[in-house]
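Observations on the three-dimensional arrangement
The residues making up each chain are set out below.
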Amino acid sequence: MNKIGIFGGSYNPIHIGHLALANYLCEFSDLDEVWFMVSPQNPLKRDRKLWDDEFRLELARLATEDYPKFKVCDIEFQLPRPSYTIHTLNALQEKYPEKEFTLLIGADNWQLFPRWKAADEIIAKHKVLIYPRPGYTINEDEFPSSVSLIQAPLFEVSSTFIRESLEKGKDIRYFLHPKVYKRIIERFSSK
């Protein structure tokens, strides 16, 4: 059975922190693949201004197309909004019954996890793999059996930093996959 890590996010835009972490998880955990779940709307982040859905998907595909263990999944774009992780995981399990899905979340989201819709159902039906985030500590002694922590490297790059830097005209090409940087520059310099 293929083990798939579901790495959800708005990817507004996808950056090297996302890619390096997913690469680490593919190579240093029991996951066979990481699927980047591009989210149209995070219920806990309603205020944020998102780049349009198709553009964020395009950038994610450009960033991941050369590594066979990465896949971009747009199933949340076919589901009712706002996007709830439990609905996404259930839809994936129904569509791909031969795969085992593990939810990948940062330590910051683990602290919010009790606020997630059907958090107990997620833990009952799926594995959850938590990766470190700067400034957040996790007590593994309190984990249910389906939850584990991986000591992945910390990546302190944010999509907010990327967008703000681009708006200021900064050349931040090394924070983004080269194809993503090129596409962003093409799109925003033509306006």
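Everything that follows concerns the structure shown earlier in this document.
Source: prediction; values computed, not measured. (Residues numbered from 1 in each chain as written. Predicted model: local features only at pLDDT ≥ 70, side-chain atom pairs only at ≥ 80, totals over all residues. Heavy atoms only, no water.)

The subject of this paragraph is the nonpolar core. Phe-7, Ile-14, Val-34 and Phe-36 are the most contacted members of the largest nonpolar core, which totals 35 residues. Listed by contribution, the elements that provide at least two residues to this core are α1 (16-28), β2 (33-38), α2 (53-64), β3 (70-73), β5 (127-131), α6 (159-167) and α7 (178-189). When residues of this core are assigned to their parent elements, the largest contribution, six residues, is made by α2. Not counting residues within four places of it along the chain, the set of residues in contact with Phe-7 comprises His-18, Leu-21, Ala-22, Val-34, Trp-35, Phe-36, Met-37, Leu-104 and Tyr-131. (Core = buried A, V, L, I, M, F, W, Y, C linked by side-chain atoms within 4.5 Å. Buried < 20%, exposed > 50% of the residue type's maximum accessible area, 1.4 Å probe, protein only. Helix = DSSP H or I, 4+ residues; strand = E, 2+ residues; numbered from the N terminus. Contact = heavy atoms within 4.5 Å.)

Right, let's get into the sheet that holds β5. One open sheet accounts for six strands, arranged β3-β2-β1-β4-β5-β6; its pairing is parallel. Every interior strand has two partners, whereas the edge strands, β3 and β6 (147-149), have only one. Strand-to-strand, the axes of this sheet are offset by a mean angle of 30°, without reference to chain direction. Note that strand β1 (residues 2-9) and strand β4 (residues 99-106) share six bridges and pair parallel. (Pairing = 2+ DSSP bridges. Axes fitted to C-alpha atoms, helices over the stretch in contact; angles between N-to-C directions.)

Let us look at the packing of aromatic side chains. Across all of its chains, the model carries 17 aromatic pairs by this definition. Seen from their ring centres, Tyr-24 and Phe-28 are 4.6 Å apart, and the 25° between their planes marks the pair as stacked. Remark: Phe-28 and Tyr-24 occur in helix α1; sequence separation between them is four residues, near one turn of the helix. Judged by its relative accessible area of 22%, Tyr-24 is partly exposed. Put simply, the rings of Phe-7, Tyr-11, Phe-36, Tyr-67, Phe-70 and Tyr-131 pair up and form one aromatic cluster. One Lys or Arg, Lys-117, reaches over the ring of Tyr-84 and ends 5.2 Å from the middle of that ring. When the ring centre of Phe-55 is taken as reference, the NZ or CZ atom of Arg-187 above it lies at 4.1 Å. (Phe/Tyr/Trp six-rings, centres within 6.5 Å; stacked < 30°, edge-to-face > 60°. Lys NZ or Arg CZ within 6 Å of the ring centre and 35° of its normal.)

As far as function goes, none of this settles anything; it's purely spatial.
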